[in-house]
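# Per-entry structural report
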Amino acid sequence: MTFQNTLEFAQQLDAADALAQYRDEFHYPQINGKDVIYFTGNSLGLQPKRTQRFVDEVMKDWRDLAVEGHFYADKPWWDYHERLAAGLGKVVGAKPKEISVMNTLTVNLHLLMVSFYRPTAKRYKIICEEKAFPSDQYMLQSQVRFHGFDPKDAIVEVKKRNREHAWRTEDIIQKINEVGDELALVLMGGVNYYNGQVLDMETITKAGKGVGAFVGWDLAHAVGNVELSLHDWDVDFAAWCSYKYMNSGPGNASGIFVHEKHLGKSDIPRFEGWWGTKKETRFLMKPEFDPTETADAWQLSNPPILSLAPYLASLELFDEVGMDALIKKQKTIVAYLEFILHDIDAQVESTFEIITPGDRGCQLSVLLHGEGRSLFDYLMKQGVITDWREPNVIRLAPAPFYCSYEDMYMFGQILRAGILQK
């Protein structure tokens, strides 16, 4: 498609957009009396309007039924979480039994590492990407220390090449093969939070398993954003938060994936609680743990229903639209944003360097050479909600559910004005 940096062209794209109607499904903050241009769905998605109905339903059931809501609510609470499994399975490419929803992301990664980081004196090393999201770094370091190893020795970071902003798959594979039979676990971010790169998860998973390691993925920036086929890729485990592209609300419940080959086993190392037992015997209060034959075996306590309600509301939207349609628009709107950035770049003295490679989802990370924090502050005051990372990077994530092509055009005009007004 040949793009144009005009309002008329952007409006033509919106008129042809099959998902345009879903923009009205979300609430928008307002600045200066206008809906914001929202680029931070990679941090916290907007609130779907239907969320209120799902939360109100739980509140009404609590009010009218009290404890009986566990069994007699329209959506009984004791199996409420199971309603998310099928929808999430479509989003991440998994069987419903491989999915559960519980806790929050780093908590779940810790719990999954109990099962899948089982170091020995020889095989104890973990491979991750350099400068992984800080919470992942802290988690890996604490897990390694817990098992009596030195993080400086046990954690192997795959670095980007000098003067490059993205990882090369061949470098990751080389590092996996180099560590070889010392490698216990590969655990990386499927989409890097900083540069927006989508790693070749299928190839990396195959390489890790080829040397006898477990392979897991932190999919915080991937779920609801890019195509995933966790079951077919033979991924051992994965976890993700739900409040970014999944629009479930701040700090909300995390999803997990455990490949079916690990399910139904009573001898797998795992921290356990009563909600991981089989439904049929859960309320018999038996002293022995009898694991359910799904990923729910990793659950510890009864799920927080008021947190799951917004997640279920958002999944209803995903089920209506489907990941194929979202990814189709994502590719076009991100390409249009990239075109706008290059066109504005040609009109001003500053230089924009897009550090996100071609393997990308919604996010473009942009180095603003010659610009500082004042430009970000200007954008925010003009109603462009974006994200600043030191020293001079802005992250722009036009989520296809609620961002429009006109948003991309208007952002370009505001960006240009912010640079020229200095």
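- As recorded by an unreviewed UniProt entry, the protein chain carries the name Kynureninase and is attributed to Flagellimonas pelagia.
- Looking at the Sequence similarities (unreviewed entry) heading of the UniProt record, one finds this comment for the protein chain: "Belongs to the kynureninase family."
- Listed in UniProt under the heading Cofactor (unreviewed entry), the comment for the protein chain reads: "pyridoxal 5'-phosphate".

### Remarks on the UniProt feature "binding site: pyridoxal 5'-phosphate" (unreviewed entry) in the protein chain
- UniProt's feature table lists "binding site: pyridoxal 5'-phosphate" (unreviewed entry) at Leu105, Thr106, Phe133, Pro134, Ser135, Asp136, Asp218, His221, Tyr243, Trp274 and Asn302, given in the numbering used throughout. Taking the farthest pair of C-alpha atoms as the criterion, the annotated set spanning 198 residues is dispersed, since that pair is 31.6 Å apart. Of the annotated set, the members that line the second largest cavity are Asp136.
- As for its position among the elements, Ser135 is in helix H6 (residues 134–146).
- A residue is classified by how much of its surface remains accessible, and Ser135, at 22% relative accessible area, is partly exposed.
- Among the structural elements, Tyr243 can be located in the loop between strand S9 (237–240) and strand S10 (254–258).
- The partly exposed category is assigned to Tyr243, whose relative accessible area is 23%.
- What Tyr243 contacts, discounting residues up to four positions off in sequence, is Ser43, Leu44, Gly45, Ser248, Gly249, Pro250, Gly251 and Asn252.

### What about the nonpolar core?
- If you look at the biggest cluster of nonpolar residues, it comprises 106 residues, and the most contacted ones within it are Trp217, Leu219, Trp240, Tyr336, Leu341 and Phe411.
- When residues of this core are assigned to domains, at least three map to each of domain 1 (7–49 + 322–421) and domain 2 (81–302).
- Apart from the residues within four sequence positions on either side, Tyr336 is in contact with Phe3, Gln4, Asn5, Thr6, Phe9, Ala10, Leu13, Tyr405, Met408 and Tyr409.
- Residues Leu140, Phe237, Ile268 and Trp298 belong to the second largest nonpolar core, which totals 30 residues.

### As for the sheet that holds strand S14 (residues 387–389)
- What the 4 strands build is an open sheet, ordered S11-S12-S15-S14; its pairing is antiparallel. Among the strands making up the open sheet, the edge pair consists of strand S11 (351–354) and S14. Recorded for the sheet is a direction-independent mean angle of 30° between the axes of neighbouring strands.
- Relative to strand S15 (residues 393–396), S14 runs antiparallel, the two sharing 3 bridges. Looking at S15, one finds that Asp387 is bridged to Arg395.
- Relative to the sheet, helix H12 (residues 323–345) contacts S11, strand S12 (364–369) and S15, its axis offset from that of S11 by approximately 155°.

### Here we look at the domain arrangement of the protein chain
- Examined at the domain level, the protein chain breaks down into domain 1 (7–49 + 322–421) and domain 2 (81–302).
- A separation of 30 Å is found between the C-alpha centroids of domain 1 and domain 2.
- Counting residues at the interface gives 30 residues for domain 1, matched by 22 residues for domain 2.
- Note on domain 1 versus domain 2: buried area summed over both sides is about 1900 Å², and carbon and sulfur give 56% of it.
- On the surface where domain 1 and domain 2 come into contact, there are 0 salt bridges.
- The interface formed by domain 1 and domain 2 includes 12 residue pairs in polar contact (both at pLDDT 80 or more).
- Looking at the side of domain 1 that touches domain 2, the elements that each hand over two or more residues are H12, S12 and S15.
- Take the side of domain 1 that touches domain 2: its biggest share by element is 3 residues, from H12.

### Concerning the side chain of Ser254
- Mapped onto the secondary structure, Ser254 falls in strand S10.
- The class for Ser254 is buried, based on a relative accessible area of 0%.
- In this structure the side chain of Ser254 is engaged in a polar contact, spanning 2.9 Å, whose partner is the side chain of Asn108.
- Only 2.7 Å separates the side chain of Ser254 from the backbone oxygen of Trp240, close enough to count as a polar contact.
- Filtering out sequence-adjacent residues up to four positions away, Ser254 remains in contact with Ser100, Val101, Met102, Asn103, Thr104, Leu105, Asn108, Ala239, Trp240 and Cys241.

### Digging into the packing of aromatic side chains
- One pass over the structure, following the stated rule, counts 24 aromatic pairs.
- Seen from their ring centres, Phe71 and Phe283 are 5.7 Å apart, and the 65° between their planes marks the pair as edge-to-face. Placement of the pair is Phe71 in helix H3 (residues 69–72) and Phe283 in the loop between helix H10 (279–282) and helix H11 (305–321), with a sequence separation of 212 residues.
- For the pair Trp274 and Trp275, a centre-to-centre distance of 4.9 Å together with 75° between the ring planes defines the contact as edge-to-face.
- For Trp274, a relative accessible area of 34% gives the class partly exposed.

### Considerations on the UniProt feature "modified residue: N6-(pyridoxal phosphate)lysine" (unreviewed entry) in the protein chain
- UniProt tags Lys244 as "modified residue: N6-(pyridoxal phosphate)lysine" (unreviewed entry).
- Checked against the element boundaries, Lys244 lands in the loop between S9 and S10.
- Judged by relative accessible area, Lys244 falls into the buried class, the value being 11%.
- Leaving out residues up to four positions away in the same chain, Lys244 has contacts with Gly41, Asn42, Ser43, Leu44, Gly45, Ala220 and His221.

### A short note on the pairing of S10
- Burial of S10 is extensive: 5 of the 5 residues sit out of reach of the surface.
- Burial along S10 is two-sided: Ser254, Ile256 and Val258 facing one way and Gly255 and Phe257 facing the other are all buried.
- Relative to S10, strand S4 (residues 99–102) runs antiparallel, the two sharing 4 bridges. By the bridge assignment, Val101 is partnered in S10 with Gly255.
- In this structure, S9 lies alongside S10, joined through 4 bridges in antiparallel fashion. For Ala239, the partnering residue across the bridge sits in S10 and is Ile256.

Analysis parameters
- Residues numbered from 1 in each chain as written.
- Predicted model: local features only at pLDDT ≥ 70, side-chain atom pairs only at ≥ 80, totals over all residues.
- Heavy atoms only, no water.
- UniProt positions renumbered as here; feature names shortened; annotations may be inferred.
- 1 Å grid on protein atoms, 1.4 Å probe; cavity = no way out; pocket = protein on both sides within 12 Å on 5 of 7 lines; lining within 4 Å.
- Helix = DSSP H or I, 4+ residues; strand = E, 2+ residues; numbered from the N terminus.
- Buried < 20%, exposed > 50% of the residue type's maximum accessible area, 1.4 Å probe, protein only.
- Contact = heavy atoms within 4.5 Å.
- Core = buried A, V, L, I, M, F, W, Y, C linked by side-chain atoms within 4.5 Å.
- Domains from an automatic or database assignment.
- Pairing = 2+ DSSP bridges.
- Axes fitted to C-alpha atoms, helices over the stretch in contact; angles between N-to-C directions.
- Buried area = accessible area lost by both parts, 1.4 Å probe.
- Salt bridge = Lys/Arg side-chain N within 4 Å of Asp/Glu carboxyl O.
- Polar contact = N/O pair within 3.5 Å; in protein donor to acceptor, adjacent residues only side chain to side chain.
- Phe/Tyr/Trp six-rings, centres within 6.5 Å; stacked < 30°, edge-to-face > 60°.

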